Amino acid sequence: MSALQQQVHDPYPTRLEHAITPIERIEPTVWGDDGSGPLGAAELNDFAAQGYLVRPDTVDSDALGPLGNELERLAAELDSDDPRVIREPGGSIRSIFAPHLLSTLVAGVVQLDTVLPVARQLLGGDVYIHQARINLMPAFTGTGFYWHSDFETWHAEDGMPQMRAVSCSIALTENYPYNGSLMVIPGSHRTFYPCVGATPDNHHSSSLVAQRFGVPDQNTLTKAVDADGIDQFTGPAGSALWFDCNLLHGSGSNITPLPRSNVFLVFNSVDNQLGAPYAAAGIRPEYLAARRTRSLGLPASRAQCC
Ligand code: 6CS
Ligand code: FE
(Lines give C-alpha, C1' and ligand atoms only; values in the text may rest on other atoms or scores of the structure.)
(Ligands and ions follow the chains in the order given, each with its own letter.)
Protein backbone atom coordinates (compact mmCIF):
# COMPACT_ATOMS: atom_id res chain seq x y z
CA MET A 1 0.00 0.00 0.00
CA SER A 2 1.48 3.36 -1.03
CA ALA A 3 1.90 6.14 1.50
CA LEU A 4 -0.94 7.91 -0.32
CA GLN A 5 -3.48 5.14 0.10
CA GLN A 6 -5.97 5.33 2.94
CA GLN A 7 -4.69 3.77 6.14
CA VAL A 8 -8.22 3.68 7.55
CA HIS A 9 -10.62 0.73 7.34
CA ASP A 10 -11.92 0.44 3.78
CA PRO A 11 -15.61 -0.57 3.73
CA TYR A 12 -15.44 -1.15 -0.02
CA PRO A 13 -12.18 -2.98 -0.77
CA THR A 14 -11.44 -3.45 -4.47
CA ARG A 15 -8.60 -3.95 -6.99
CA LEU A 16 -7.70 -7.06 -4.97
CA GLU A 17 -5.43 -10.05 -5.60
CA HIS A 18 -8.40 -12.45 -5.50
CA ALA A 19 -12.19 -12.29 -5.57
CA ILE A 20 -14.19 -11.69 -2.40
CA THR A 21 -17.91 -11.75 -1.68
CA PRO A 22 -19.93 -8.75 -2.92
CA ILE A 23 -20.71 -6.19 -0.21
CA GLU A 24 -24.15 -4.86 0.63
CA ARG A 25 -24.39 -1.08 0.22
CA ILE A 26 -24.01 0.77 3.54
CA GLU A 27 -25.42 4.18 2.65
CA PRO A 28 -28.93 5.18 1.66
CA THR A 29 -29.49 5.83 -2.04
CA VAL A 30 -31.72 8.85 -1.49
CA TRP A 31 -30.53 11.32 1.17
CA GLY A 32 -33.26 13.96 0.90
CA ASP A 33 -37.05 13.69 1.13
CA ASP A 34 -40.05 14.64 -1.00
CA GLY A 35 -40.26 18.05 0.66
CA SER A 36 -36.67 19.02 -0.21
CA GLY A 37 -36.83 19.28 -3.97
CA PRO A 38 -38.77 18.76 -7.21
CA LEU A 39 -38.97 14.96 -6.99
CA GLY A 40 -42.12 13.51 -5.47
CA ALA A 41 -42.29 10.50 -3.18
CA ALA A 42 -42.98 8.10 -6.08
CA GLU A 43 -39.92 9.30 -8.05
CA LEU A 44 -37.72 9.12 -4.96
CA ASN A 45 -38.92 5.58 -4.20
CA ASP A 46 -38.28 4.63 -7.83
CA PHE A 47 -34.75 6.01 -7.70
CA ALA A 48 -34.07 4.24 -4.40
CA ALA A 49 -35.27 0.91 -5.80
CA GLN A 50 -33.92 1.07 -9.35
CA GLY A 51 -30.88 3.31 -8.91
CA TYR A 52 -31.91 5.54 -11.79
CA LEU A 53 -34.63 7.90 -12.97
CA VAL A 54 -35.43 9.36 -16.40
CA ARG A 55 -36.53 13.00 -16.47
CA PRO A 56 -37.70 14.29 -19.88
CA ASP A 57 -37.47 17.99 -20.82
CA THR A 58 -34.52 18.72 -18.57
CA VAL A 59 -32.97 21.08 -21.14
CA ASP A 60 -35.32 23.20 -23.27
CA SER A 61 -35.28 22.51 -27.00
CA ASP A 62 -34.24 26.14 -27.67
CA ALA A 63 -31.06 25.59 -25.63
CA LEU A 64 -30.03 22.42 -27.45
CA GLY A 65 -28.86 24.10 -30.66
CA PRO A 66 -26.48 26.47 -28.86
CA LEU A 67 -25.18 23.59 -26.70
CA GLY A 68 -24.52 21.54 -29.84
CA ASN A 69 -22.64 24.49 -31.36
CA GLU A 70 -20.67 24.84 -28.12
CA LEU A 71 -19.66 21.19 -28.35
CA GLU A 72 -18.37 21.78 -31.88
CA ARG A 73 -16.50 24.92 -30.72
CA LEU A 74 -14.79 23.03 -27.89
CA ALA A 75 -13.88 20.15 -30.20
CA ALA A 76 -12.37 22.62 -32.69
CA GLU A 77 -10.59 24.89 -30.22
CA LEU A 78 -9.04 22.49 -27.71
CA ASP A 79 -5.49 21.52 -28.56
CA SER A 80 -5.17 18.05 -30.01
CA ASP A 81 -2.90 17.08 -27.12
CA ASP A 82 -5.12 18.60 -24.42
CA PRO A 83 -5.43 15.84 -21.76
CA ARG A 84 -9.08 16.73 -21.26
CA VAL A 85 -9.79 15.51 -24.80
CA ILE A 86 -10.03 11.71 -25.00
CA ARG A 87 -9.93 10.19 -28.47
CA GLU A 88 -11.31 6.98 -29.96
CA PRO A 89 -8.75 4.53 -31.36
CA GLY A 90 -9.47 5.92 -34.83
CA GLY A 91 -8.82 9.51 -33.72
CA SER A 92 -12.34 10.92 -33.40
CA ILE A 93 -13.14 12.63 -30.12
CA ARG A 94 -14.67 10.28 -27.53
CA SER A 95 -14.94 12.59 -24.49
CA ILE A 96 -14.24 16.15 -23.43
CA PHE A 97 -13.73 16.54 -19.68
CA ALA A 98 -14.50 19.62 -17.58
CA PRO A 99 -16.75 21.29 -20.19
CA HIS A 100 -18.48 23.24 -17.39
CA LEU A 101 -15.17 25.06 -16.82
CA LEU A 102 -14.67 25.68 -20.55
CA SER A 103 -18.17 26.85 -21.45
CA THR A 104 -20.56 29.20 -19.68
CA LEU A 105 -23.41 27.49 -21.54
CA VAL A 106 -22.55 24.12 -19.99
CA ALA A 107 -22.00 25.80 -16.62
CA GLY A 108 -25.52 27.20 -17.01
CA VAL A 109 -26.96 23.70 -17.40
CA VAL A 110 -25.56 22.84 -13.96
CA GLN A 111 -27.61 25.66 -12.46
CA LEU A 112 -30.91 24.83 -14.20
CA ASP A 113 -33.96 24.41 -11.96
CA THR A 114 -34.39 20.97 -13.53
CA VAL A 115 -30.81 19.99 -12.54
CA LEU A 116 -29.25 21.48 -9.38
CA PRO A 117 -32.33 21.11 -7.12
CA VAL A 118 -32.63 17.44 -8.15
CA ALA A 119 -29.00 16.78 -7.25
CA ARG A 120 -29.40 18.57 -3.89
CA GLN A 121 -32.52 16.55 -3.11
CA LEU A 122 -31.00 13.19 -4.01
CA LEU A 123 -27.79 13.91 -2.06
CA GLY A 124 -29.48 15.66 0.84
CA GLY A 125 -27.88 19.11 0.77
CA ASP A 126 -25.04 21.14 -0.70
CA VAL A 127 -23.25 19.63 -3.68
CA TYR A 128 -20.36 20.34 -6.01
CA ILE A 129 -19.24 19.01 -9.39
CA HIS A 130 -16.94 16.04 -8.90
CA GLN A 131 -16.54 15.48 -12.63
CA ALA A 132 -18.20 16.62 -15.84
CA ARG A 133 -17.72 15.39 -19.36
CA ILE A 134 -19.31 15.28 -22.78
CA ASN A 135 -19.29 11.75 -24.22
CA LEU A 136 -19.68 12.20 -27.95
CA MET A 137 -20.20 8.54 -29.00
CA PRO A 138 -19.51 9.70 -32.57
CA ALA A 139 -21.26 8.32 -35.63
CA PHE A 140 -19.74 5.10 -37.04
CA THR A 141 -16.65 5.28 -34.77
CA GLY A 142 -17.97 5.55 -31.19
CA THR A 143 -16.68 2.60 -29.16
CA GLY A 144 -18.60 1.49 -26.07
CA PHE A 145 -17.97 1.66 -22.36
CA TYR A 146 -17.70 -1.76 -20.73
CA TRP A 147 -19.87 -2.54 -17.67
CA HIS A 148 -18.69 -0.79 -14.54
CA SER A 149 -19.64 1.08 -11.38
CA ASP A 150 -18.41 4.67 -11.39
CA PHE A 151 -18.15 4.59 -7.59
CA GLU A 152 -15.73 1.64 -7.79
CA THR A 153 -13.35 3.87 -9.75
CA TRP A 154 -14.03 7.04 -7.77
CA HIS A 155 -13.48 5.16 -4.49
CA ALA A 156 -10.37 3.25 -5.60
CA GLU A 157 -8.67 5.98 -7.64
CA ASP A 158 -10.14 9.23 -6.31
CA GLY A 159 -10.63 8.41 -2.63
CA MET A 160 -14.38 9.04 -2.62
CA PRO A 161 -15.41 7.75 0.82
CA GLN A 162 -19.16 7.13 0.53
CA MET A 163 -21.78 6.30 -2.07
CA ARG A 164 -23.17 9.85 -1.98
CA ALA A 165 -22.73 11.04 -5.57
CA VAL A 166 -25.05 11.02 -8.55
CA SER A 167 -24.65 11.42 -12.32
CA CYS A 168 -26.99 13.36 -14.57
CA SER A 169 -26.62 12.36 -18.23
CA ILE A 170 -28.38 14.81 -20.54
CA ALA A 171 -28.97 13.85 -24.17
CA LEU A 172 -27.73 16.48 -26.61
CA THR A 173 -28.77 14.28 -29.53
CA GLU A 174 -31.49 11.64 -29.76
CA ASN A 175 -30.54 8.53 -27.78
CA TYR A 176 -31.83 5.56 -29.80
CA PRO A 177 -31.61 1.88 -28.80
CA TYR A 178 -29.03 1.42 -31.54
CA ASN A 179 -26.58 4.33 -31.31
CA GLY A 180 -24.65 3.46 -28.18
CA SER A 181 -27.18 4.50 -25.54
CA LEU A 182 -26.51 3.82 -21.90
CA MET A 183 -27.61 0.47 -20.49
CA VAL A 184 -28.08 -0.02 -16.74
CA ILE A 185 -28.68 -3.02 -14.49
CA PRO A 186 -31.56 -1.81 -12.31
CA GLY A 187 -31.05 -2.34 -8.58
CA SER A 188 -27.34 -3.12 -8.98
CA HIS A 189 -26.48 0.02 -7.00
CA ARG A 190 -27.42 -1.79 -3.79
CA THR A 191 -24.37 -4.06 -3.99
CA PHE A 192 -20.68 -3.18 -4.18
CA TYR A 193 -18.81 -5.62 -6.41
CA PRO A 194 -15.12 -5.73 -5.44
CA CYS A 195 -12.89 -6.16 -8.49
CA VAL A 196 -9.72 -8.18 -8.96
CA GLY A 197 -6.50 -6.66 -10.31
CA ALA A 198 -4.33 -3.88 -8.90
CA THR A 199 -4.74 -0.42 -10.40
CA PRO A 200 -1.99 0.21 -13.01
CA ASP A 201 -0.01 3.42 -12.67
CA ASN A 202 -1.57 6.29 -14.61
CA HIS A 203 -4.60 4.04 -15.20
CA HIS A 204 -6.82 6.79 -16.60
CA SER A 205 -4.55 7.10 -19.65
CA SER A 206 -6.08 3.79 -20.81
CA SER A 207 -9.28 3.35 -18.77
CA LEU A 208 -11.03 6.33 -20.33
CA VAL A 209 -10.82 4.60 -23.72
CA ALA A 210 -11.18 0.97 -22.64
CA GLN A 211 -11.51 0.07 -18.95
CA ARG A 212 -10.00 -3.32 -18.08
CA PHE A 213 -9.33 -2.87 -14.34
CA GLY A 214 -12.12 -2.15 -11.88
CA VAL A 215 -14.75 -3.98 -13.94
CA PRO A 216 -16.94 -6.82 -12.61
CA ASP A 217 -16.22 -10.33 -13.88
CA GLN A 218 -18.60 -12.04 -16.32
CA ASN A 219 -20.00 -14.35 -13.64
CA THR A 220 -20.97 -11.35 -11.52
CA LEU A 221 -22.55 -9.57 -14.47
CA THR A 222 -24.47 -12.68 -15.54
CA LYS A 223 -25.94 -13.11 -12.06
CA ALA A 224 -26.84 -9.41 -11.82
CA VAL A 225 -28.59 -9.44 -15.20
CA ASP A 226 -30.33 -12.75 -14.44
CA ALA A 227 -31.70 -11.13 -11.29
CA ASP A 228 -32.59 -7.67 -12.53
CA GLY A 229 -32.33 -7.52 -16.31
CA ILE A 230 -31.05 -4.60 -18.37
CA ASP A 231 -32.79 -1.29 -18.95
CA GLN A 232 -31.72 1.24 -21.54
CA PHE A 233 -31.87 5.04 -21.50
CA THR A 234 -33.39 6.26 -24.76
CA GLY A 235 -35.17 9.49 -25.55
CA PRO A 236 -35.09 12.82 -27.36
CA ALA A 237 -32.40 15.46 -26.92
CA GLY A 238 -33.05 17.34 -23.68
CA SER A 239 -33.98 14.21 -21.72
CA ALA A 240 -31.94 13.35 -18.62
CA LEU A 241 -30.95 10.10 -16.96
CA TRP A 242 -30.09 10.41 -13.28
CA PHE A 243 -28.16 7.41 -11.99
CA ASP A 244 -26.58 6.50 -8.68
CA CYS A 245 -22.78 6.48 -8.49
CA ASN A 246 -22.74 2.71 -7.84
CA LEU A 247 -25.20 1.60 -10.54
CA LEU A 248 -23.69 -0.86 -13.01
CA HIS A 249 -23.87 0.62 -16.49
CA GLY A 250 -22.24 0.43 -19.88
CA SER A 251 -22.88 1.12 -23.54
CA GLY A 252 -22.32 -0.59 -26.85
CA SER A 253 -20.48 0.87 -29.83
CA ASN A 254 -22.13 3.18 -32.32
CA ILE A 255 -21.94 2.01 -35.94
CA THR A 256 -24.84 4.17 -37.07
CA PRO A 257 -24.71 7.57 -38.77
CA LEU A 258 -26.38 9.02 -35.66
CA PRO A 259 -24.06 10.44 -32.94
CA ARG A 260 -25.14 9.98 -29.31
CA SER A 261 -23.73 13.04 -27.59
CA ASN A 262 -24.54 13.36 -23.89
CA VAL A 263 -23.24 15.72 -21.25
CA PHE A 264 -22.57 14.01 -17.92
CA LEU A 265 -22.63 16.08 -14.73
CA VAL A 266 -21.44 14.25 -11.62
CA PHE A 267 -22.60 15.80 -8.36
CA ASN A 268 -20.96 14.88 -5.07
CA SER A 269 -22.09 15.87 -1.59
CA VAL A 270 -19.89 18.49 0.09
CA ASP A 271 -19.85 16.03 3.00
CA ASN A 272 -18.20 13.38 0.82
CA GLN A 273 -14.99 15.11 -0.17
CA LEU A 274 -12.23 13.06 -1.79
CA GLY A 275 -9.38 11.76 0.33
CA ALA A 276 -6.38 9.64 -0.55
CA PRO A 277 -7.13 6.87 -3.07
CA TYR A 278 -8.23 3.60 -1.50
CA ALA A 279 -6.56 1.49 -4.19
CA ALA A 280 -4.23 3.53 -6.36
CA ALA A 281 -0.70 4.87 -5.97
CA GLY A 282 -1.47 8.49 -6.83
CA ILE A 283 -4.31 10.92 -7.28
CA ARG A 284 -5.92 11.66 -10.65
CA PRO A 285 -5.91 15.06 -12.39
CA GLU A 286 -8.29 17.78 -11.22
CA TYR A 287 -10.35 17.60 -14.44
CA LEU A 288 -11.25 13.98 -13.60
CA ALA A 289 -11.71 14.32 -9.86
CA ALA A 290 -12.22 17.80 -8.39
CA ARG A 291 -10.39 18.47 -5.13
CA ARG A 292 -10.35 22.26 -5.26
CA THR A 293 -14.11 22.28 -4.72
CA ARG A 294 -16.73 24.96 -4.11
CA SER A 295 -20.28 24.26 -3.06
CA LEU A 296 -22.78 25.18 -5.80
CA GLY A 297 -25.01 26.56 -3.05
CA LEU A 298 -28.69 27.09 -3.63
CA PRO A 299 -30.17 27.25 -7.15
CA ALA A 300 -30.18 30.81 -8.46
CA SER A 301 -33.97 30.82 -8.33
CA ARG A 302 -33.93 30.09 -4.59
CA ALA A 303 -30.89 32.06 -3.58
CA GLN A 304 -32.02 34.72 -1.09
CA CYS A 305 -31.66 38.09 -2.67
CA CYS A 306 -30.10 41.07 -0.80
O1 6CS B 1 -12.87 7.04 -14.55
C2 6CS B 1 -13.84 7.79 -14.58
O3 6CS B 1 -14.07 8.67 -13.74
C4 6CS B 1 -14.75 7.66 -15.78
N5 6CS B 1 -14.86 6.33 -16.26
C6 6CS B 1 -16.01 5.75 -16.59
C7 6CS B 1 -15.99 4.50 -17.37
N8 6CS B 1 -17.20 6.24 -16.20
C9 6CS B 1 -17.14 7.35 -15.23
C10 6CS B 1 -16.07 8.31 -15.57
O11 6CS B 1 -16.34 9.01 -16.71
FE1 FE C 1 -19.35 5.42 -16.08
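Residues numbered from 1 in each chain as written. Chains lettered and ligands numbered in written order. Predicted model: local features only at pLDDT ≥ 70, side-chain atom pairs only at ≥ 80, totals over all residues. Heavy atoms only, no water.

Draft legend 1. Just the coordination of the iron ion (ligand 2), in detail. Around the iron ion (ligand 2), the protein supplies His148 (NE2), Asp150 (OD) and His249 (NE2) as donor atoms, at distances of 2.1 to 2.3 Å. Around the iron ion (ligand 2), the four donor atoms are arranged such that angles at the metal cover 81 to 174°; this shape is classified as irregular. One chain supplies every donor for the iron ion (ligand 2), spaced along it as H-x1-D-x98-H. Within this pair, whereas histidine 148 is found in strand E6 (residues 145–148), its partner histidine 249 is found in strand E12 (residues 249–251), the two being separated by 101 residues in sequence. Residue histidine 148 is classed as buried on the basis of its relative accessible area, which comes to 8%. Looking at histidine 249, the relative accessible area reads 2%, which means it is buried. (Donors = N, O, S within 2.8 Å, 3.2 Å for Na, K, Ca; no water. Tetrahedral: all angles 85-135°; square planar, octahedral: opposite > 155°, others 65-115°. Helix = DSSP H or I, 4+ residues; strand = E, 2+ residues; numbered from the N terminus. Buried < 20%, exposed > 50% of the residue type's maximum accessible area, 1.4 Å probe, protein only.)

Draft legend 2. Up close: the sheet that holds strand E3 (residues 85–87). Reading across from one edge, E2-E11-E7-E13-E5-E4-E3 is the order of the seven strands in this open sheet, with antiparallel pairing throughout. The open sheet has two edge strands with one neighbour each: strand E2 (52–55) and E3. The average undirected angle you get between the axes of adjacent strands in this sheet is 20°. Lying over the sheet, helix H1 (residues 41–50) contacts E2, strand E7 (165–171) and strand E11 (240–244), oriented at roughly 135° with respect to E2. (Pairing = 2+ DSSP bridges. Axes fitted to C-alpha atoms, helices over the stretch in contact; angles between N-to-C directions. Contact = heavy atoms within 4.5 Å.)

Draft legend 3. Representation of the layout of surface pockets in the model. When its volume is computed, the largest pocket comes out at roughly 410 Å³. His100, Leu101, Ile129, Ala290 and Arg292 are, among the 18 residues lining the largest pocket, the residues nearest its centre. Of all the elements, strand E5 (residues 127–135) adds the most residues to the lining of the largest pocket, at four residues. Along the lines of polarity and charge, the residues of the lining of the largest pocket split into nine nonpolar, five polar and four charged. (1 Å grid on protein atoms, 1.4 Å probe; cavity = no way out; pocket = protein on both sides within 12 Å on 5 of 7 lines; lining within 4 Å. Points joined across faces, edges and corners; volume = space filled by probe spheres on them. Nonpolar A, V, L, I, M, F, W, Y, C, P; charged D, E, K, R; others polar.)

Draft legend 4. Examining empty space enclosed by the protein more closely. In this structure the tally under the stated criterion is four cavities of 30 Å³ or more. Here the largest cavity defines a volume of roughly 360 Å³. Phe145, His148, Asp150, Leu208 and Gln211 are, among the 27 residues lining the largest cavity, the residues nearest its centre. Residue assignment for the lining of the largest cavity shows that the elements contributing at least two residues are strand E4 (93–97), E5, E6, helix H6 (150–156) and E12. Its residues placed into classes, the lining of the largest cavity shows 10 nonpolar, 11 polar and six charged.

Draft legend 5. Spatial organisation of the pattern of salt bridges. The tally for this structure, following the rule as stated, stands at 12 salt bridges. Across the pair arginine 25 and aspartate 244 runs a salt bridge, and its minimum N-O distance is 2.8 Å. With arginine 25 in the loop between strand E1 (23–24) and H1 and aspartate 244 in strand E11, this residue pair connects regions lying 219 residues apart in the sequence. Overall, the relative accessible area of 9% leaves arginine 25 in the buried class. By relative accessible area, which is 2% here, aspartate 244 ends up buried. Arginine 284 is the salt-bridge partner of aspartate 158, the closest N and O atoms lying 2.7 Å from each other. Within this pair, whereas aspartate 158 is found in the loop between H6 and E7, its partner arginine 284 is found in the segment after strand E13 (262–269), the two being separated by 126 residues in sequence. Residue aspartate 158 shares its accessibility class with arginine 284, and that shared class is buried. (Salt bridge = Lys/Arg side-chain N within 4 Å of Asp/Glu carboxyl O.)

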